[in-house]
Amino acid sequence: MRKLTYFIACSIDGFIGDPSGDASAMYPFVDEEFLEYLKTEYPETIATHGRRALGVDDLPNRRFDTIIQGRASYDLALKEGITSPYAHLREFVASRTLTESPDPNVEIVSGDLVGRVRELKAEDSPYDIYLCGGARIAGELAGEIDEMVIKSYPIVLGTGMPMFAAEFPMMQFALESVRSFGNGAVVRTYTRKR
C-alpha cells in the first residue's frame, strides 16, 4: 500500500500562507543549503518550471510519482500560464468548479476525492503520493494521510491559512526525524500511528 504524504511548508505558528494563501514570505528560506536538501531528498517536489530554471530537470523521482493538490494551489500555476506544474509526476487536482482539465497530464477529481486517493494508494508502485495542499484538501484527506513532512520556517505570521481547514477526530503521529538548517528552517517527518 502506498503512503499519502503531506509535504508542506509552514510558519512556526502553523500557517501555510497568509489569509489568502500567499506563502511568498517563506521563499527567502529556500537558500542554497535548503535547496540542496530538496534536490537530494525530494527533487520531485520542485515544480517542473523550477527544476528547469535550476538545471535539474533530469533528477529522478526519489519518493513520489503522483501529486494531489487543491484548486487554489493549482490556480497559482495557472495564473502564470503553467497548466502542468508537476509534469514529471502524475497530477491530480481536486476541484468541484473546474470541469475540464486544461492539460492532458492533469486529472480533475470533482467527485469522491477520498475514494480516488484510496484507489491511488492501492496501486502497485514503489513510489508514494505527494499531497501538496492546500488547507481544505488536507482537511478533507486528513484520515488518509500516512506521513507528514513539515518544513517549518523561522517566521510567525500571526494569522493565515492553517495546515488543515476542517474538523476531524484527533490523529496521533510519531516523530521519525528532524533536520535543522543554518537559516533556522527545520524539517520534521512524522508517521501516522494507526
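In this text, all values refer to a predicted model and were calculated from it rather than measured experimentally. (Residues numbered from 1 in each chain as written. Predicted model: local features only at pLDDT ≥ 70, side-chain atom pairs only at ≥ 80, totals over all residues. Heavy atoms only, no water.)

### Some remarks on the pattern of salt bridges
This is how the line gets drawn: What counts as a salt bridge is simple: a side-chain nitrogen of Lys or Arg found within 4 Å of a carboxyl oxygen of Asp or Glu. Strands are runs of DSSP state E lasting at least two residues, helices are runs of H or I lasting at least four, and both sets are numbered from the N terminus onward. Exposure categories follow from relative accessible area, calculated using a 1.4 Å probe and restricted to protein chains: below 20% of the type maximum is buried, above 50% is exposed, and the middle band is partly exposed.
Evaluation of the coordinates by the stated rule reveals 18 salt bridges. With a shortest N-O distance of 2.5 Å, E147 and R63 are connected by a salt bridge. With E147 in strand β7 (residues 147-153) and R63 in the loop between α2 (48-54) and β3 (64-70), the pair connects residues that are 84 residues apart, well separated along the chain. The pair E147 / R63 is uniform in exposure class, with both members buried. Residues joined by salt bridges that share partners form a network here, namely R118, K121, E144, D146 and R194.

### Remarks on helix α1 (residues 32-41)
Put simply, the rule reads: The arc under discussion is defined with respect to the helix axis, by the directions toward the C-beta atoms. Contacts are residue-level and defined by heavy atoms, with any inter-residue pair within 4.5 Å sufficient. Under the rule applied, a polar contact is a pair of N or O atoms within 3.5 Å (in protein, one hydrogen donor and one hydrogen acceptor; residues adjacent in sequence only if both atoms are side-chain atoms).
Among the residues making up α1, those that are buried are F34, L35, Y37 and L38. All buried residues of α1 project into a common sector of 155° when viewed along the axis, lining one side. Residues of α1 that are buried in the fold lie against β1 (4-11), α2, β7, β9 (173-180) and β10 (186-192). Its side-chain oxygen placed 3.3 Å from the backbone nitrogen of E33, D31 serves as the N-cap of α1.

### Topic: the side chain of K121
For K121, the location among the structural elements is in helix α4 (residues 113-122). K121 sits in the buried class, given a relative accessible area of 4%. Beyond its immediate chain neighbours, meaning those up to four positions away, K121 contacts M1, R2, L4, I129, E144, D146 and R194.

### Side note on the nonpolar core
Short version of the rule: What makes a nonpolar core is a set of buried Ala, Val, Leu, Ile, Met, Phe, Trp, Tyr and Cys residues whose side-chain atoms join them at distances within 4.5 Å.
With 27 residues, the main nonpolar core has Y6, I68, L131 and M163 as its most contacted residues. Of all the elements in the fold, those that place two or more residues in this core are β1, β4 (90-94), α4, β6 (128-133), α5 (135-140) and β7. Take this core: its biggest share by element is four residues, from β1. Those residues in contact with M163 that lie beyond four places of it in its chain are Y6, I8, C10, G14, I16, A135, A138, M148 and I150. Among the nonpolar cores identified, the runner-up in size contains 23 residues, and F7, A9, L35 and V187 belong to it.

### Overview of the sheet that holds β10
Worth spelling out the cut-off: In this scheme, strands are said to pair when DSSP sees at least two bridges between them. Note on definitions: angles span 0 to 180 degrees between N-to-C directions of axes, and those axes are lines fitted to C-alpha atoms, for helices only across the stretch in contact.
Pairing within the open sheet is mixed, and its eight strands lie in the order β5-β4-β3-β6-β1-β7-β10-β9. The open sheet is flanked by β5 (106-109) and β9, the only strands paired with a single partner. Neighbour-to-neighbour, the strand axes of the sheet open up by a mean angle of 25°, direction not taken into account. In the packing of α4 onto the sheet, the strands contacted are β1, β3, β4, β5 and β6, and the crossing angle to β4 comes to about 165°.

### Brief notes about the packing of aromatic side chains
Condition: To pair, rings of Phe, Tyr and Trp, with the six-membered ring standing in for Trp, must have centres within 6.5 Å; the planes then decide the type, stacked if under 30 degrees apart, edge-to-face if over 60, and tilted in the middle.
Tallying each qualifying case throughout the model produces 13 aromatic pairs. Here Y42 and F64 contribute two aromatic rings whose centre-to-centre distance is 6.3 Å and whose plane-to-plane angle is 25°, an arrangement assigned as stacked. Taken together, the residues span a long stretch of sequence, with Y42 in the loop between α1 and α2 and F64 in strand β3 at a distance of 22 residues. Across the pair, F64 and Y42 agree in class, each one buried. Seen from their ring centres, Y86 and Y130 are 6.0 Å apart, and the 90° between their planes marks the pair as edge-to-face. Of the two residues, Y86 is situated in the loop between α3 (71-78) and β4 and Y130 in strand β6; the sequence distance between them amounts to 44 residues. There is no split in this pair, since Y86 and Y130 are both buried. Connected via pairs of aromatic rings, a cluster forms that spans F7, F29, F34, Y37, Y42, F64, Y86, Y130, Y153 and F181.

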